[in-house]
Structures are given as C-alpha cells and as structure tokens.
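# Commentary on secondary and tertiary structure
These are the residues of each chain, in order.
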Amino acid sequence: MYSQALQDPTGADGAGPQDDRFQARIDAEDRIEPNDWMPDAYRRTLIRQISQHAHSEIVGMLPEGNWITRAPTLRRKAALLAKVQDEGGHGLYLYAAAETLGVTREELVEQLLTGRAKYSSIFNYPTLSWADIGAIGWLVDGAAIMNQIPLCRCSYGPYARSMIRICKEESFHQRQGFEIMTVLARGSAEQQAMAQDALNRWWWPSLMMFGPPDQQSQHSDASMRWKIKRFTNDALRQKFIDATVPQGHFLGLTFPDPVLRHNAASGHWDFGTIDWDEFRRVLAGDGPCNRERLAARRRAHEEGAWVREAALAHAARQRAVAQQREAE
Ligand code: FAQ
C-alpha cells in the first residue's frame with residue numbers, strides 16, 4: 001500500500017523536516033503525486049474529501065434518474081440520460097483518484113453503504129416536478145462548478161486532473177438546467193409557477209452545498225494551507241450567490257429570501273440566515289430522502305453482485321490462460 005510505504009518513520013505529522021519540505025513544495029505550487037512523500041493527515045483529508053465527492057456523484061444520479069422515464073420530450077430524455085451517465089463517470093474518476101492514495105474501491109463503497117461516509121446534503125431532497133431537473137442543473141451543478149473550478153488547481157495531481165474534465169461536463173449540465181428553466185419561465189402561467197416553486201425549494205439547500213460557515217468548518221484551515229481548498233466555504237457561497245441572483249432575475253423569478261439585496265458598497269448580494277439546523281439534520285441522516293437514497297444504493301450493490309463475480313471470474317480465467325501460454 002502507498003500509505004505504508006510512504007509513512008514518515010521519523011516523527012509525528014506536521015512536526016518533522018519532511019513536513020517542512022512538503023509544505024515548501026505546496027507553497028511553491030508543486031503538484032504532489034501518488035509516489036511522493038506526504039503527511040498522513042494530508043492523505044487522510046484527501047481520501048475523505050475525494051471519496052465524499054465520488055459518493056456525491058453516484059448518489060446524485062438518483063434524484064435525476066427519477067425523471068428519465070418522464071422527461072417531457074425525446075430531446076430532454078436524451079440530454080438527461082447523458083447527464084446522469086456523466087455523473088456516474090465522475091464518480092468513477094474520483095474513486096480512481098482516491099485509490100491512488102492507498103485505499104481500495106471496496107472500502108470506499110462499504111463506507112458509503114454502511115452510512116459511515118458522507119455525501120453531499122443536496123441529494124437528500126426530492127425531485128417533485130420536471131422543473132426540479134432544471135433547478136438541479138442550474139443551481140446544483142452551478143454550485144458544484146463554483147466549488148470545483150478551484151479544485152482543478154488542487155495540490156494533489158490526480159484529483160486536480162480529474163476535475164478538469166468533470167468541470168467541462170458540469171458546465172454543460174449547468175447550461176441544460178438553465179435552458180430548462182428559461183423555457184419554463186417563458187412558458188404558460190402554470191410552467192412559470194413550476195419554475196418558481198423549484199427555485200423556492202432548491203435555493204437554500206444549494207447554498208448549504210458549500211459546507212458550514214467558516215468559523216464552524218473543521219477542515220478548512222488545514223485544507224487551505226495544503227492548497228487542497230483555494231477558497232473558504234463562505235467565500236465560494238458568496239461567489240455563487242453573486243453569479244446566480246442576476247440569472248434568476250433575468251428569468252423573472254424571485255428568490256425565497258426577503259433579506260436578499262445588492263450591497264453597492266461591497267459589490268455583493270447580502271443574503272438571509274441559512275437554516276444550519278436543517279443542514280445538521282440532513283447530515284445526521286434525517287433529511288427528506290436519506291433513507292431512500294441509501295436503500296437504493298444498497299439494492300443496486302446487491303443486484304450488481306453477479307456482475308462483480310463475473311468480472312472477477314473472467315479476470316481469473318484470463319490470467320490462467322496467460323500463465324498457460326507463458327509455460328508453453
Ligand atoms: N454535505 O470542515 P468542513 C455535485 C461535511 S458534487 C455533506 O467545511 P471540508 C455534482 C464535511 O465533509 C457535490 N457533508 O469540510 C452533481 C465535514 O464532515 P467530515 C459534492 C458536508 O471538506 C451535480 C463536515 O461537514 N461536491 O454536486 C457538506 O473542508 C448534480 C465539516 O465541513 C464535493 O464533494 C455538505 N454540503 O469542506 C452530481 C466537492 N458540507 O468529513 C449530480 C468537494 C460539509 O469531517 C447532480 N468537496 N460537509 O465527517 C469539498 O469541496 C469540501 O469537502 C466541502 C466541505 C466544501 C463540501
């Protein structure tokens with residue numbers, strides 16, 4: 001395992017000369033690669049964040065998957081199918097990036113299925129109408145891009161590289177969502193009401209995607225020092241609000257926040273208080289769809305057991321054939 005081979009035998013994390021050299025490389029904007037020495041805490045933080053990110057992509061397929069059979073037109077169905085498939089691909093790149101840190105895919109999947117690993121709070125909310133597919137693309141993918149563009153410059157090479165393609169695809173997702181919202185917002189009174197209702201329900205949970213406020217963020221200080229994160233949770237949340245509010249107004253929609261107003265002095269949009277109790281409840285497993293989401297992932301894992309068995313049997317057979325050829 002990488003982690004065993006590369007552990008610092010000389011001292012505790014964060015205190016030795018190797019740690020100083022490591023931090024100097026980070027400060028010089030060097031990329032850290034899998035075979036380089038790294039502090040255990042850096043490795044653990046990356047495994048935690050990348051795997052949570054991978055789980056989010058995989059669980060994130062579920063709310064949208066709910067609408068594949070009911071998309072209003074063939075064009076919408078094809079785009080949604082492609083989007084959901086992209087999310088599955090993102091999960092796979094991210095699991096592969098996490099595996100370079102010395103953890104196995106099986107361990108990571110087990111952590112998700114037993115509820116020990118987190119995934120993004122946003123995917124514990126239901127998709128009640130077709131407009132929710134527009135709102136997810138516009139707001140959820142929009143928030144994901146805002147958070148992920150800086151990750152393309154993350155100090156860990158495999159994570160940073162995986163984010164480049166992911167961000168390109170998320171950008172397409174965001175546009176298809178905004179286009180769905182545009183059509184609804186310019187449609188009949190009923191369609192406009194659907195778009196408004198979706199914005200009302202998805203706005204606050206989208207703001208929670210950026211994580212707790214900076215003073216309550218346990219990992220931000222270390223992650224900023226290691227250049228895993230380039231901006232704090234609150235800074236990215238504000239950037240997202242500043243970019244998104246004018247888009248909503250362009251659509252003729254209103255935001256479910258009476259406090260929201262442009263602050264000419266700061267140049268930013270001031271906004272109301274986020275319900276952090278709701279965020280904590282969702283993280284603790286008590287959101288509207290937590291149980292349903294985990295049950296769906298567990299069922300998919302059980303139903304896919306034969307595929308894993310068949311793939312292993314096929315690989316064993318290929319190995320045996322290769323060995324036999326070598327022996328001849
Ligand atoms: N949900 O100390 P911090 C997507 C946890 S991808 C759940 O601030 P950190 C694509 C956090 O893990 C969306 N848990 O943590 C798509 C930690 O718990 P732990 C996912 C959350 O890591 C679109 C604790 O709270 N994106 O949407 C959340 O420095 C459409 C303390 O927090 C990523 O994962 C939350 N919202 O900052 C797919 C991006 N926020 O681990 C389908 C990469 C915080 O100690 C359809 N991740 N927590 O038990 C990150 O940038 C960071 O991990 C943050 C959190 C910013 C999420």
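The rules behind each value
Starting from 1, residues in each chain are numbered consecutively following that chain's sequence as written. This being a predicted model, a pLDDT of at least 70 is required before a residue's local features are given, and a value of 80 or more before pairs of side-chain atoms are given or counted; all residues contribute to the totals for chains, interfaces and linings. Note that the side-chain values use all heavy atoms of the structure and ignore hydrogens as well as water. Each helix is a run of DSSP H or I of at least 4 residues and each strand a run of E of at least 2, with the numbering of both proceeding from the N terminus. We call two residues in contact whenever any of their non-hydrogen atoms come within 4.5 Å of each other. Note on areas: these come from Shrake-Rupley sampling with a 1.4 Å probe, and a residue is covered only by the protein chains present in the view. Counted as positive: Lys and Arg. Counted as negative: Asp and Glu. His and the chain ends are not counted at all. Here the site of a charge means atom NZ of a Lys, CZ of an Arg, CG of an Asp or CD of a Glu. For this description, a residue counts as near a given molecule or strand if any of its non-hydrogen atoms is within 4 Å of it. Polar contacts, as counted here, are pairs of nitrogen or oxygen atoms within 3.5 Å of one another; within protein the pair requires one atom able to donate a hydrogen and one able to accept it, and residues that are adjacent in sequence qualify only if both atoms are side-chain atoms. Any residue outside Ala, Val, Leu, Ile, Met, Phe, Trp, Tyr, Cys, Pro, Asp, Glu, Lys and Arg is labelled polar, Gly included; the first ten of those are nonpolar and the last four are charged. Throughout this description, the term nonpolar core refers to a set of buried Ala, Val, Leu, Ile, Met, Phe, Trp, Tyr and Cys residues connected via side-chain atoms within 4.5 Å. Think of it in three bands: residues with accessible area under 20% of the maximum for their type are buried, residues over 50% are exposed, and the middle band is partly exposed, with areas taken using a 1.4 Å probe on protein chains only. Per-residue confidence from the predictor is reported as pLDDT, a score between 0 and 100. Here the arc refers to the directions that run from the helix axis out to each C-beta atom. A pair is scored as a salt bridge if a Lys or Arg side-chain nitrogen falls within 4 Å of a carboxyl oxygen belonging to Asp or Glu. For Phe, Tyr and Trp, rings pair up if their centres lie within 6.5 Å, where Trp contributes its six-membered ring, and each pair is then called stacked (planes under 30 degrees apart), edge-to-face (over 60) or tilted (otherwise). By definition here, charges over rings are those cases where NZ of Lys or CZ of Arg is within 6 Å of the ring centre and within 35 degrees of the ring normal.

## Regarding the overall build of the chain
- Secondary structure assignment for the chain yields 14 helices and two strands.
- Considering only C-alpha atoms, the chain reaches an extent of 75 × 50 × 35 Å along its principal axes.
- Counted over contacts in the chain with a minimum sequence separation of 6, partners at least 24 positions apart contribute 77%.
- Surface accessibility of the chain: about 16500 Å² in total, with carbon and sulfur atoms responsible for 55%.
- Across the chain, the mean location of the 39 positive side-chain charges is 3 Å away from that of the 41 negative side-chain charges.

## Side note on the site of the ligand
- Around the ligand sit 35 residues, and of these Gln52, Lys118, Ser217, His219 and Lys229 come closest.
- For the ligand, a nitrogen atom lies 3.4 Å from a polar atom in the backbone of Met209.
- Relative to its unbound accessible surface of 1100 Å², the ligand loses 94% to contact with the protein.
- Breaking the shell around the ligand down by element, the ones donating at least two residues are helix H3 (40-59), helix H5 (74-99), helix H7 (131-148), helix H8 (157-185) and helix H12 (276-283).
- No other element matches the six residues that H3 contributes to the shell around the ligand.
- In the shell around the ligand, the residues fall into twelve nonpolar, 14 polar and nine charged.

## Side note on the nonpolar core
- Counting residues in hydrophobic clusters, the biggest one holds 77 residues, and the most contacted among them are Tyr42, Ile50, Trp138, Tyr156, Tyr159, Trp202 and Trp203.
- Beyond its immediate sequence surroundings of up to four residues, Trp202 is in contact with Ile122, Tyr125, Pro126, Thr127, Asp132, Ala135, Ile136, Leu139 and Val140.

## Some thoughts on the confidence of the model for the chain
- Averaged over every residue, the pLDDT of the chain is 95; residues scoring 70 or more account for 96%.
- Every residue in residues 1-12 is under pLDDT 50, and counting partners more than four places away or in other chains gives 23 contacts.

## Comments concerning helix H2 (residues 17-27)
- Along H2, the residues classified as buried are Asp19, Phe22, Gln23 and Ile26. End-on view of H2: buried residues confined to an arc of 95 degrees, all on one side of the axis. What points out from H2, more than 90 degrees from its buried face, is the exposed set Pro17, Asp20 and Arg21.
- For H2, the secondary structure elements touched by its buried residues are H3 and helix H10 (220-225).

## Thoughts on unusual backbone geometry
- The residue Glu29 is not glycine, and still its phi comes out positive at about 65 degrees.
- One can find Glu29 in the loop between H2 and H3.
- Classification of Glu29 by relative accessible area gives partly exposed; the value is 45%.
- Unlike most non-glycine residues, Lys227 shows phi in positive territory, near 55 degrees.

## Examining the pattern of salt bridges
- Tallied over the entire structure, the rule returns 18 salt bridges.
- With its nearest N and O atoms 2.8 Å apart, the salt bridge here joins Glu179 to Arg76. Placement of Glu179 in helix H8 and of Arg76 in helix H5 is noted, with a sequence separation of 103 residues between them.
- Look at Arg76 and you get buried, because its relative accessible area is 12%.
- Members of the salt-bridge network, linked through shared partners, are Glu64, Lys83, Glu87 and Asp141.

## Focus on the packing of aromatic side chains
- All told, the structure shown has eleven aromatic pairs when counted by the stated rule.
- Plain terms: the ring middles of Trp276 and Phe279 are 5.2 Å apart, the flat faces sit at 90 degrees to each other, and that makes the pair edge-to-face. Separated by three residues within a single helix, Trp276 and Phe279 lie in helix H12, roughly one turn from each other. This pair shows no difference in class: Trp276 is buried, exactly as Phe279 is.
- One cation-aromatic arrangement involves Arg225 over Trp226; the distance from NZ or CZ to the ring centre is 5.5 Å.
- Positioned above the aromatic ring of Phe231 is the side chain of Lys239, whose terminal nitrogen or guanidinium carbon lies 4.8 Å from the ring centre.

## Comments concerning the side chain of Arg230
- Mapped onto the elements of the fold, Arg230 is located in the loop between H10 and helix H11 (233-250).
- What makes Arg230 buried here is its relative accessible area of 19%.
- In this structure the side chain of Arg230 is engaged in a polar contact, spanning 2.9 Å, whose partner is the side chain of Glu29.
- One polar contact links the side chain of Arg230 to the main-chain carbonyl oxygen of Arg153, over a distance of 2.6 Å.

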